[in-house]
Amino acid sequence: MTDTASQFIVTLAQLNPTVGDVPGNAAKARQARAQAAADGAALLVLPELFISGYPPEDLVLKPAFQAACRAAVEELARETADGGPAMLVGSPWVDGGKLYNACALLDEGRIAAIRYKVNLPNYGVFDEKRVFARGPVSGPITIRGIRVGVPICEDTWMEESAEYENVVECLAETGAEILIVPNGSPYARGKNDLRLSISVARVTESELPLIYLNQVGGQDELVFDGASFVLNADRSLAAQLPGFQESITTLHWRKGEAGSRAITPPACSACATMCARTAFPACCSASPAASIRRCARRWRSMRWAPTASAA
Amino acid sequence: MAVDALGADRVRGVMLPFRFTAQVSLDDAAKLAAALGIRYEVLPIAQAVNGFEAILSDTFAGLPRDITEENLQARTRGTLLMAISNKTGAMVVTTGNKSEMSVGYATLYGDMNGGFNPIKDIYKTEVFRLSSLRNAWKPEGALGPSGEVIPVNIITRPPTAELRENQTDQDSLPPYDILDGILERLVEREQPLADIVADGFDREVVARIDRLLNIAEYKRRQAAPGVKVTRRNFGRDRRYPITNRFRDAGKPLPEPDHALVSRAGRGSAEGFDV
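Residues numbered from 1 in each chain as written. Chains lettered and ligands numbered in written order. Predicted model: local features only at pLDDT ≥ 70, side-chain atom pairs only at ≥ 80, totals over all residues.

## Considering the overall build of chain A
1) Next: Secondary structure summary: chain A contains seven helices and 14 strands in total.
2) Next: Counting across all 311 residues of chain A, residues that qualify as buried make up 56%.
3) Next: Counting contacts in chain A only where the partners sit at least 6 residues apart, residues at least 24 apart contribute 63% of the total. (Helix = DSSP H or I, 4+ residues; strand = E, 2+ residues; numbered from the N terminus. Buried ≥ 20, exposed ≤ 12 C-beta atoms within 10 Å, placed from the backbone. Contact = placed C-beta atoms within 7 Å.)

Rendered as structure tokens:
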């Protein structure tokens, strides 16, 4: 096995929040963190605006709701004093009188970092410019020694233009080693291919691996299919989470020899051979036997087939 | 408003009485139609309501009579109005005011039927005031007659949906001046419940109105459009999710714990901690 410094264990919580149910959503985050802790993860990632539910529309303009979301994030932050996994969780956030679509890193009992969505989608079903202020472009966040770029959803969707900042390029240039992208991406036919091609483009440009985490569930006229996925820096599909169901999946990452920027799996020595052969290196590891079974199952159902969640 | 905008010859009034319709309502409606000079007809709905109830009698066997039967009256009226609209090409003007639309005091597929709602963004108390104003003054260019076009009794009589014996709106809602005061704070100012209570409104009433406002979103999403006149109307302005589990508990808002946020942790130009 590898030494701990070059290992990074991340739990992805592809969950179904309810808009407005702040205590309920926080409880789901808490539950997922317990699972992440059991899996030995350093970090739990939750989808975009998980605490409020997505999309909150004008509810997010209500001061009482903003305060409730913040209080819930603060409570979760205090709980991370237990030394367990850090948590990346989305929430509306008021800062300097402006409201942001934010993602907070909670670790060691504190709100260790907070990042704001830069590029706000305002087309189709989205009208985020209506309620959120555009965040500043910021650098990566250091999480347990790993420099993580957190572009939020739309921040990965567009090429640079007069209207769009190239957030991913900025993160890559300022030393990000991995991109973790929380999303609230509604289902539409063919959407999976679109998400994948956008993400592959960002991976190609940045040469960084990318975790695409989406929520599941319905909200009024939108339905969120989850179908989260993970791309290695070489653009191979490292993991594919199931569509239309909740899934908590833990992935082991290990720094490769190719360069200091890239974190490349595999982490699981027991099934490294099989993983290497199938170009499917990021794997979950519980017991070696379970890993082999899981990898074999994934190998059989590779590409878009649903995969089992982590033990 | 329809007569002022289109002229009396292009507006018709239809009275749809049932057994809970008071004689005074029939009298006031006839007076209003006469004052406006519009075509007016009375179509009693008993046959249709009784027909629906007969069809549903087995399905509803053993179930108590409740608001369902009240709404059936409104839906019967809605069906008849839409039939007239369909046959003649005339648009049904629907009349739920902002107070009613806020708390869901309107029947979906009943009196909410219609293509346009000119008073959708006007609170009930303002409807009264505007009615009195119109009786005393006619806007320039208005096509309706001058003088007292709205019988004063319609303005002064306690509001009632007349869906059951001796019903008034105040059976289930606070007085409109109080309701509108609460709604204006909730809808247009997004005030926390605690602040509204601090303004002197009853805590339980405020909480109940807030709940009604939230759960009526699914109705409003299906409502006819209307003119925006307030700072925040339903439709284009106040875009709330239908699925919304947030309820303001009415406690003072928690203060943010700024000490919890790491100093260098904010997303900003300083966020490049290379």
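Structure shown, so let's carry the discussion forward.
## What about the overall build of chain B?
1) Next: Regarding its fold elements, chain B presents 11 helices and two strands.
2) Next: Along chain B, helices and strands appear, N-terminal first, in the series α-β-α-β-α-α-α-α-α-α-α-α-α.

## Considering unusual backbone geometry
1) Next: Cis rather than trans, the peptide bond between Tyr54(A) and Pro55(A) has omega equal to -5°.
2) Next: Its location among the elements puts Pro55(A) in the loop between strand 2 (43-45) and helix 2 (63-79).

## A short note on the nonpolar core
1) Next: Formed by 92 residues in total, the largest nonpolar core has its most connected members in Val45(A), Val89(A) and Ile211(A).
2) Next: When residues of this core are assigned to their parent elements, the largest contribution, nine residues, is made by helix 2 of chain A.
3) Next: Discounting chain neighbours no more than four positions away, the residues touching Val89(A) are Ala29(A), Leu46(A), Phe50(A), Ile51(A), Val73(A), Leu76(A), Cys103(A), Ala104(A) and Leu106(A).
4) Next: If you look at the next biggest cluster of nonpolar residues, it comprises 22 residues, including Ala106(B), Ile122(B), Tyr176(B) and Val206(B). (Core = buried A, V, L, I, M, F, W, Y, C linked by C-beta atoms within 7 Å.)

## Here's the deal with the sheet that holds strand 9 (residues 210-213) of chain A
Residue and element names in this part refer to chain A.
1) Next: Spatially, 6-7-8-9-12-13 is the arrangement adopted by the six strands of the open sheet, whose pairing is mixed. The open sheet terminates on both sides in strands that have one partner only, identified here as strand 6 (141-143) and strand 13 (237-240). On average, adjacent strands in this sheet sit at an angle of 25° to one another, irrespective of strand direction.
2) Next: Relative to strand 7 (residues 146-149), strand 6 runs antiparallel, the two sharing three bridges. Across the sheet, Thr-142 pairs through a bridge with Arg-147, a residue of strand 7.
3) Next: Those strands touched by helix 5 (residues 191-206) are strand 8 (178-182), strand 9 and strand 12 (229-231), and its axis lies near 155° from that of strand 9. (Pairing = 2+ DSSP bridges. Axes fitted to C-alpha atoms, helices over the stretch in contact; angles between N-to-C directions.)

## Some words on the pairing of strand 9 of chain A
Residue and element names in this part refer to chain A.
1) Next: In strand 9, alternate side chains face the same way, and those of Leu-210 and Tyr-212 on one face and Ile-211 and Leu-213 on the other are all buried.
2) Next: Relative to strand 9, strand 8 is paired through four bridges, and the arrangement is parallel. In the sheet register, Val-181 faces strand 9, and the bridge partner there is Tyr-212.
3) Next: Here strand 9 pairs with strand 12 via three bridges, running antiparallel. By the bridge assignment, Leu-210 is partnered in strand 12 with Leu-231.

## Topic: the sheet that holds strand 14 (residues 247-254) of chain A
All names here are of chain A.
1) Next: Reading across from one edge, 5-4-3-2-1-14 is the order of the six strands in this open sheet, with mixed pairing throughout. Unpaired on one side and paired on the other, strand 5 (110-116) and strand 14 mark the two borders of the sheet. In this sheet, neighbouring strand axes are inclined to one another by 35° on average, regardless of whether the strands run parallel or antiparallel.
2) Next: Relative to strand 14, strand 1 (residues 7-14) runs antiparallel, the two being bridged by eight bridges. Paired with Gln-7 across the two strands is Arg-254, which belongs to strand 14.
3) Next: With respect to the sheet, helix 2 is in contact with strand 3 (86-95), strand 4 (98-107) and strand 5, its orientation differing from that of strand 3 by roughly 150°.

## Things to note about the confidence of the model for chain A
Residue and element names in this part refer to chain A.
1) Next: Counting all residues, the mean pLDDT for chain A is 84, and 80% of those residues have values of 70 or more.
2) Next: Per-residue pLDDT stays below 50 along residues 257-293; that stretch engages in 92 contacts with residues further than four places along the chain or on separate chains.
3) Next: Low pLDDT (under 50) marks residues 295-311, which in the prediction has 35 contacts with non-local residues, meaning those over four places away or in another chain. (pLDDT = per-residue confidence, 0-100.)

## Some remarks on the packing of helix 1 (residues 22-38) of chain A against helix 2 of chain A
Residue and element names in this part refer to chain A.
1) Next: Remark: helix 1 packs on helix 2, axes separated minimally by 10 Å, with the N-to-C direction vectors making an angle of 25°. Judged by the inter-axis angle, helix 1 sits roughly parallel to helix 2. In this structure, the crossing between helix 1 and helix 2 has a hand that is right-handed. Contacts between helix 1 and helix 2 involve Val-22, Pro-23, Ala-26, Ala-29 and Arg-30 on the former and, on the latter, Ala-68, Cys-69, Ala-72, Glu-75 and Leu-76.
2) Next: When grouped by side-chain class, the residues that make up the contact of helix 1 with helix 2 number eight nonpolar, no polar and two charged. (Parallel < 35°, antiparallel > 145°, perpendicular 65-115°, else oblique. Left-handed = near helix turned anticlockwise from the far one by under 90°. Nonpolar A, V, L, I, M, F, W, Y, C, P; charged D, E, K, R; others polar.)

## A few points about the confidence of the model for chain B
The predicted structure's coordinates, where accompanied by low pLDDT, should not be read in detail.
1) Next: Summary statistics for chain B give a mean pLDDT of 95 and a share of 96% for residues scoring 70 or more.
2) Next: Taken together, the chains of this predicted complex give a pTM of 0.87 and an interface ipTM of 0.91.

## Let's talk about helix 1 of chain A
1) Next: Between the first and last C-alpha of helix 1 of chain A there are 24 Å, a value that for 17 residues agrees with the 24 Å anticipated at 1.5 Å per step.
2) Next: In this structure, the buried side of helix 1 of chain A is in contact with strand 1, strand 2, helix 2, strand 3 and strand 14 of chain A. (Expected span 1.5 Å × (residues − 1).)

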